[in-house]
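Here's the letter readout for the chains.
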Amino acid sequence: MAEVTITPGRAGPVDVSPFVMAPDFSAMVPKEVVFVFSNSEAGVEPMRRKAALRDGAWRSEGVILPLPGQWQLRVDVLISDFEMVKLQEATEIAP
């Protein structure tokens, strides 16, 4: 599972960072993290943004979410060379 923080949480450029956890809630360091944002109601097709590992934390900076409203966020977590987990949830982006 992952706890994702979107800062500042409003339309425009945002920074996105996940805290990735194993099933027992312990911290996990995946091989790769990719964010996929979409807003089908507004006609926005899925946008993929790869996160970078810096100072022990995954982060994707300057992701442009151009419109407020409800966005679908999928987090693709590459656990090993042969295992990927895809987590998805709706998130509200303020104006």
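Moving on, we get to the overall build of the protein. If you tally the helices and strands in the protein, you get zero helices and eight strands. Its C-alpha atoms give the protein a radius of gyration of 13 Å, within 12% of the compact-globule value 12 Å for 95 residues. For the C-alpha atoms alone, the extent of the protein along its principal axes is close to 35 × 25 × 20 Å. Put simply, 48% of the contacts in the protein that link residues at least 6 apart link residues at least 24 apart.

A word on the sheet that holds strand β3 (residues 32-39). Strand order in the open sheet made by the four strands is β4-β3-β7-β8, with antiparallel pairing throughout. Only two strands of the sheet have a single partner each, and these edge strands are β4 (44-50) and β8 (83-93). Mean inter-strand twist for the sheet, computed between neighbouring axes without regard to direction, equals 20°. With seven bridges joining them, β3 and strand β7 (residues 69-80) adopt antiparallel strand pairing. When the bridges of β7 are listed, Val33 appears paired with Val77.

What follows covers the pairing of β7. Across eleven bridges, β7 lies against β8 in antiparallel orientation. Across the sheet, the residue bridging to Ser80 is Glu83, located in β8. Count of turn residues in the β7/β8 antiparallel hairpin: two residues.

Attention now goes to the environment of Val29. Tracing the backbone shows Val29 in the loop between β2 (12-20) and β3. By relative accessible area, which is 65% here, Val29 ends up exposed. Residues Val29 and Trp58 lie 29 residues apart in sequence; the distance between their C-alpha atoms is 9.1 Å.

Time to look at the nonpolar core. Among the nonpolar cores identified, the biggest contains 18 residues, and Ile6, Val16, Val33, Phe35, Phe37, Leu65 and Trp71 are the most heavily contacted of them. Among the elements of the structure, β2, β3, β4, β6 (57-65) and β7 are those that each provide at least two residues to this core. The dominant element in this core, judged by the number of residues it contributes, is β7, at four residues. Apart from the residues lying within four places of it in its own chain, the contact partners of Phe35 are Val4, Val16, Ser17, Pro18, Met47, Arg48, Arg49, Ala51, Ser60, Leu73, Arg74 and Val75.

What counts and what doesn't
Residues numbered from 1 in each chain as written. Predicted model: local features only at pLDDT ≥ 70, side-chain atom pairs only at ≥ 80, totals over all residues. Heavy atoms only, no water. Helix = DSSP H or I, 4+ residues; strand = E, 2+ residues; numbered from the N terminus. Rg over C-alpha atoms; globule rule 2.2 N^0.38 Å. Contact = heavy atoms within 4.5 Å. Pairing = 2+ DSSP bridges. Axes fitted to C-alpha atoms, helices over the stretch in contact; angles between N-to-C directions. Buried < 20%, exposed > 50% of the residue type's maximum accessible area, 1.4 Å probe, protein only. Core = buried A, V, L, I, M, F, W, Y, C linked by side-chain atoms within 4.5 Å.

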